[in-house]
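Spelled out, the chains give:
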Amino acid sequence: MITVNEVSKRYGSFLANDKVSVTAAAGELTVLLGPNGAGKSTLIKSICGLLRFTGEVSIDGLDNRSTEAKRILGYVPEMPVLYPLLTVGEHLEFIARAYRLDDWRPRADELLRRFELADKKAKLGRELSKGMQQKVSVCCALLPQPKAVVLDEPLVGLDPHGIRELKAMMADLRRDGCALLVSTHIIDSVEDDWDATYIMSGGKVAAKCRREAMPFGKTLEDVYFSITEVGADTPSNRHSGGTAGSGSPSEEEAQTWMS
Amino acid sequence: MDVLAYILLTSFKNSLRKLVRKPGKLVLYLIVLGAMVAVLVLSLFTKANLEEVIPLPFFTGIMFLFVAFFLCVSVIQGLSSGSAIFEMQDVNLLFTAPVDSRKILLYGIVRILKTAFFASFFILFNSNTLVLFGIDVSGLFLVFVAFLLSVLVDTIATLVIYCTTNGRPARKRAVRVLLLMMFLPLAVQAFILYGQGTDMMAFIGALTASPYLGFIPVAGWTAAGLSAAFSGDGGGCLLYFGLDVLLGLALTAFILFTNPDYYEDVLVATETAYERTRAAAEGNISYAERPSRSVRVAHTGITGLGARAFLGKHLREDFRQSRLGLLGTASLIVVACALMAAFFIRDLAIVIQILMWAQIFLIGTGRGLKELYSHYIYLVPEPPFTKVVWSNLEITLRTLVEGVLIFGLGGLLAQADALTMVLCIAIYTLFAFLLLGANYVIIRFTGANVTAGILILVYMVEVLLLMAPGLALGFGALALTGSGFMFGLVLAVWELVAGAACFALSRGVLHNCDMPVIRLEK
């Protein structure tokens, strides 16, 4: 569903993503893990068409910058960005109108109910706490019923109910055949449901794993630390020269536990 | 070494090191310095060719209005959120450290001095204007120091007002009344003089020489001090500037000796400023600029489908921010000032020139350009150019409404003919169109991935380059036909053509460039 092929992104002399290839299949939860500065958020922004990059990104076979691809893609940014002068209800109405959705109100009400926002419908964006803003942000992303959803650190700032509800929502989406690509630092939050994981380090994919191919008894956390704490790489290693630092694994070197 | 001296010195050293490491900023400083010297040199030529200087009272009046504006803003700020003289790192590291709070306050005031220095820097670019009043280079530096002093006192006053009125509505009312009372005698005198039909020169002369001017702290003292200095009255100069200095010292002493536990008072302003800076850097530009006053939600709902929803959303936001919708507070101020100018000057050509300068800076207040800093506009499944067009209709409509009010009513006040009014409306609106296009071109080709200072500099140069051919063609038409109308017509057509070219060049702004972020480097 989401196919990232050899994507590279440079900020001046800093190589944030170096020929990254990732696939998030329909009906699967694909996780992006990695330390701070590994290039996860850059990759996610590239997928969502917010950054210029080299390489290819397609959503259900469509170029990610096409109108058709945008129609089936949902995005939950790391920092919720709401319009301070619009109410919660108007945020959803704006999305519904911009995406030309029909009969969207029942779904909007259902989303607001699930995230305990039904009584906040008339509240302005500026009046909400960060956690509530994050919930509205999730509702906005899910309202158009996208076939693929990209979530960047979605659980940060949410209260326990919000976390439970979002995890349940992700499980529902996965069951309904939606492709989910989630970037997170909280490995526990995806340990139960993940299907595929890409561990990023130094702007590259350091390891790819599929749940069914994991050695018995090995957890995602074990894999993560075995990758990220060997040959430690820092963003500063990636300045100038056009290639990743010596600590970054090459595509060939990347460890795989793929079926 | 004392911890506060260490922070100040180390910060200074690090900022110098950063200049070397980031030569772009150094180049910007050199360009600014070069421009300042160029204006200074230009002022020498202006001085040599000057036949008659503008009487000093005009300068005193302008300075008074200018400093009074900053004073009022400071008082209003003191009555709302206070002044951010500290930064979050000070709050987190210094406030909790075993350092005397009085010393920390003095450190804060030294930091304000740095801010005040940069805030006053623009004065140094006005040497060519000051020459028109007969003020030379040494006078220019005196104006700079006087303005810097006024900004410093204003900031300390903001802090004192916040500390003494926070959570006390009666005191807040008292401060408002006091502010009004300070200006009232001068306003009454102005009203009486106007009623007597006094001519402009005598009117301004009488007001700037009025003893009531000297009763107004900071604004009146600064203006009167400068006036005394340029009139050769050393005693008056020392008296008024001395009063400014004494007021600043008294306010500082007031905080030091009456409210050493001021941390809580500065915390709100510091946190608010920090949150806004962080929000802007994270792309939440609307949050960063959110107004502090409460907003009443009366009507709800958005109109428009697809990309049109952006216009519907912007109109809803406008009406929520101001009951007059498109005409917000900033627009009303622009319209009121322009109408006053039209009434006094009675020449729409001069009014439109002033307005076009203001437009260069005010165009960024439109909601369309701000959309580029958050993800929604990139993700909405509509053709990118359509989204750009619909998201900028709000500012275009607003400019058109402003133009109709300014040049319709202003035209009547200035007794201009209908054709001139229509032409002025067209020039004013199309200039906004051109400026929007210029902004998109910059974002398209730089990705806004430069510091705010460089961005503004590039923008200013771009606008000058874009307008130069239009002005040249306009002057050509004027020379050929001798008609001011033809000059305006050619200029309006040029604005349309150049604006359209800019939009065509920046077509891919939502496709081919990174979502910009606000870079607020200090």
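A quick note: this is a predicted structure, and the numbers were derived from the prediction, not measured.

Draft legend 1. Geometry of the overall build of chain B. Helix and strand content of chain B: 23 helices and zero strands. What you see for chain B is a C-alpha radius of gyration of 25 Å, in line with the 24 Å of a compact globule of 522 residues. The principal-axis extents of the C-alpha atoms in chain B amount to approximately 65 × 55 × 50 Å. Classification of the 522 residues of chain B by burial places 47% in the buried group. A fraction of 77% describes how many contacts in chain B between residues 6 or more apart in sequence connect residues 24 or more apart. With the model as given, the accessible surface of chain B reaches about 25500 Å², and the carbon-plus-sulfur share is 72%. Of the side-chain charges in chain B, 35 are positive and 30 negative, and the distance between the mean point of each set is 8 Å.

Draft legend 2. Representation of the domain arrangement of chain B within the structure. Residue and element names in this part refer to chain B. Per the domain assignment, the segments making up chain B are domain 1 (3-277) and domain 2 (314-510). Put simply, the middle of domain 1 and the middle of domain 2, counted by C-alpha atoms, are 31 Å apart. Taken together, the five residues of domain 1 in the interface contact five residues of domain 2. Of all residues in domain 1, the largest losses of buried area upon contact with domain 2 belong to Leu28, Tyr194 and Met200, amounting jointly to 71% of the total for that side. At the junction of domain 1 and domain 2, the tally comes to zero salt bridges. There are zero residue pairs in polar contact (both at pLDDT 80 or more) connecting domain 1 and domain 2.

Draft legend 3. Representation of the nonpolar core. Core analysis: the largest hydrophobic core is formed by 140 residues, its most contacted members being A:Ile2 and B:Phe407. It is helix 21 (residues 418-446) of chain B that provides the largest number of residues to this core, a total of 17 residues. Not counting residues within four places of it along the chain, the set of residues in contact with A:Ile2 comprises A:Val22, A:Thr23, A:Ala24, A:Ile47, A:Ser58, A:Ile59, A:Ala148, A:Val150 and A:Leu181. Within the second largest apolar cluster, 72 residues are counted, among which are B:Leu71, B:Leu149, B:Ile216 and B:Leu226.

Draft legend 4. Spotlight on the interface of chain A and chain B. On the side of chain B, 45 residues touch chain A, which itself brings 36 residues to the contact. Interface area lost by chain A to chain B is led by A:Tyr83, A:Leu85 and A:Arg126, which between them contribute 19%. On inspection of chain A and its partner chain B, the count reaches four salt bridges. With a shortest N-O distance of 2.7 Å, A:Lys9 and B:Asp514 are connected by a salt bridge. Summed over the shared surface of chain A and chain B, the number is 16 residue pairs in polar contact (both at pLDDT 80 or more). Considering every element that reaches the side of chain A that touches chain B, the biggest residue donor is helix 3 (residues 88-98) of chain A, with seven residues.

Draft legend 5. Structural context of the sheet that holds strand 5 (residues 62-63) of chain A. All names here are of chain A. Read across the open sheet, the four strands follow the order 2-1-4-5; overall the sheet is antiparallel. Every other strand in the sheet has two partners, leaving strand 2 (14-24) and strand 5 as the edge strands with one partner each. In terms of strand pairing, strand 1 (residues 2-11) meets strand 4 (residues 54-59) through five bridges, oriented antiparallel. Pairing of Val4 across the sheet is with Val57, part of strand 4. In the packing of helix 1 (residues 40-47) onto the sheet, contacts are made with strand 1, strand 2 and strand 4, and the angle to strand 1 comes to roughly 115°.

Draft legend 6. Structural detail: empty space enclosed by the protein. Here the structure, examined in full by the defined rule, presents five cavities of 30 Å³ or more. Taken together, 14 residues form the lining of the second largest cavity, with A:Ile95, A:Tyr99, A:Cys140, A:Ala141 and B:Leu379 sitting closest to its centre. Elements with a contribution of two residues or more to the lining of the second largest cavity: strand 6 (73-76) and helix 5 (130-142) of chain A together with helix 18 (376-379) of chain B. Partitioned by chemical class, the residues of the lining of the second largest cavity number 11 nonpolar, three polar and no charged.

Draft legend 7. Fine view of the packing of helix 15 (residues 329-345) of chain B against helix 16 (residues 348-362) of chain B. Residue and element names in this part refer to chain B. Running from N to C, helix 15 and helix 16 point in directions that differ by 160°, and their axes come no closer than 9 Å. When the interaxial angle is binned, helix 15 and helix 16 end up roughly antiparallel. Where helix 15 crosses over helix 16, the two elements pack in a sense that is right-handed. Between helix 15 and helix 16, the residues in contact are Val334, Ala338, Ala341, Ala342 and Ile345 and Ile350, Val351, Leu355 and Leu362, respectively. Taken together, the residues of the contact of helix 15 with helix 16 break down into nine nonpolar, no polar and no charged.

Draft legend 8. Representation of the pairing of strand 7 (residues 148-152) of chain A in the model. Residue and element names in this part refer to chain A. Most of strand 7 is tucked away, with five of its five residues classed as buried. Residues Ala148, Val150 and Asp152 line one face of strand 7 and the alternating positions Val149 and Leu151 line the opposite face, and both faces are buried. Strand direction decides the pairing type here: strand 6 and strand 7, joined by four bridges, are parallel. In the sheet register, Tyr75 faces strand 7, and the bridge partner there is Val150.

Draft legend 9. Here's a closer look at the pattern of salt bridges. Residue and element names in this part refer to chain A. For the structure shown, the criterion picks out 25 salt bridges over all chains. In this structure, Glu28 and Arg210 form a salt bridge, with 2.7 Å as the shortest nitrogen-oxygen distance. With Glu28 in the loop between strand 2 and strand 3 (29-33) and Arg210 in strand 10 (residues 204-210), the pair connects residues that are 182 residues apart, well separated along the chain. For the pair formed by Glu28 and Arg210, the shared burial category is buried.

Draft legend 10. Main features of the packing of aromatic side chains. Scanning the entire structure with this criterion turns up 19 aromatic pairs over all chains. Residues A:Tyr83 and A:Phe94 carry aromatic rings whose centres are separated by 5.9 Å and whose planes lie at 90° to one another, so their mutual orientation is edge-to-face. Taken together, the residues A:Tyr83 in the loop between strand 6 and helix 3 and A:Phe94 in helix 3 connect sequence positions 11 residues apart. A:Tyr83 sits in the buried class, given a relative accessible area of 3%. Residue classification places A:Phe94 among the buried residues on the basis of a relative accessible area of 0%. Between A:Phe94 and B:Tyr376, the aromatic rings sit 6.4 Å apart at their centres with planes inclined by 70°, giving edge-to-face as the arrangement. With A:Phe94 in helix 3 and B:Tyr376 in helix 18, the pair connects residues from two separate chains.

Draft legend 11. Spotlight on helix 10 (residues 219-230) of chain B. Residue and element names in this part refer to chain B. The first and last C-alpha atoms of helix 10 sit 17 Å apart over 12 residues, in line with the 16 Å expected at 1.5 Å per residue. For helix 10, a buried count of 10 out of 12 residues is recorded, marking the element as mostly surrounded by other parts of the structure. At the exit of helix 10 stands Gly232, carrying a positive phi of roughly 85°.

Draft legend 12. A look at the state of the cysteines. Scanning all chains against the criterion turns up zero disulfides over all chains. The cysteine B:Cys337 is free of any disulfide, with B:Cys72 supplying the nearest cysteine sulfur at 13 Å.

Draft legend 13. Fine view of the side chain of A:Ser66. Residue and element names in this part refer to chain A. With respect to the helices and strands, the residue Ser66 is situated in the loop between strand 5 and helix 2 (67-71). Side-chain polar atoms of Ser66 contact the backbone oxygen of Asp63, separated by 2.7 Å. Only 3.2 Å separates the side chain of Ser66 from the backbone nitrogen of Ala69, close enough to count as a polar contact.

Draft legend 14. Quick peek at a nonpolar patch on the surface. Residue and element names in this part refer to chain B. Taken together, Tyr194, Met200, Met340, Phe344, Ile345, Ile350 and Ile354 make up a surface patch of nonpolar side chains, about 650 Å² in accessible area. Taken together, the elements giving at least two residues each to the nonpolar patch come down to helix 15 and helix 16. Counting residues per element, the nonpolar patch draws most heavily on helix 15, which supplies three residues. Structurally, the position occupied by Ile345 is in helix 15. In this structure Ile345 comes out as partly exposed when scored by relative accessible area, which is 36%.

The rules we used
Residues numbered from 1 in each chain as written. Chains lettered and ligands numbered in written order. Predicted model: local features only at pLDDT ≥ 70, side-chain atom pairs only at ≥ 80, totals over all residues. Heavy atoms only, no water. Helix = DSSP H or I, 4+ residues; strand = E, 2+ residues; numbered from the N terminus. Rg over C-alpha atoms; globule rule 2.2 N^0.38 Å. Buried < 20%, exposed > 50% of the residue type's maximum accessible area, 1.4 Å probe, protein only. Contact = heavy atoms within 4.5 Å. Areas by Shrake-Rupley, 256 points an atom, 1.4 Å probe, with all protein chains shown as cover. Lys, Arg positive; Asp, Glu negative; His and termini not counted. Charge placed at Lys NZ, Arg CZ, Asp CG, Glu CD. Domains from an automatic or database assignment. Buried area = accessible area lost by both parts, 1.4 Å probe. Salt bridge = Lys/Arg side-chain N within 4 Å of Asp/Glu carboxyl O. Polar contact = N/O pair within 3.5 Å; in protein donor to acceptor, adjacent residues only side chain to side chain. Core = buried A, V, L, I, M, F, W, Y, C linked by side-chain atoms within 4.5 Å. Pairing = 2+ DSSP bridges. Axes fitted to C-alpha atoms, helices over the stretch in contact; angles between N-to-C directions. 1 Å grid on protein atoms, 1.4 Å probe; cavity = no way out; pocket = protein on both sides within 12 Å on 5 of 7 lines; lining within 4 Å. Points joined across faces, edges and corners; volume = space filled by probe spheres on them. Nonpolar A, V, L, I, M, F, W, Y, C, P; charged D, E, K, R; others polar. Parallel < 35°, antiparallel > 145°, perpendicular 65-115°, else oblique. Left-handed = near helix turned anticlockwise from the far one by under 90°. Phe/Tyr/Trp six-rings, centres within 6.5 Å; stacked < 30°, edge-to-face > 60°. Expected span 1.5 Å × (residues − 1). Disulfide = S-S within 2.5 Å. Patch = residues over 30% accessible without salt bridge, like charges linked within 9 Å, V, L, I, M, F, W, Y side chains within 5 Å.

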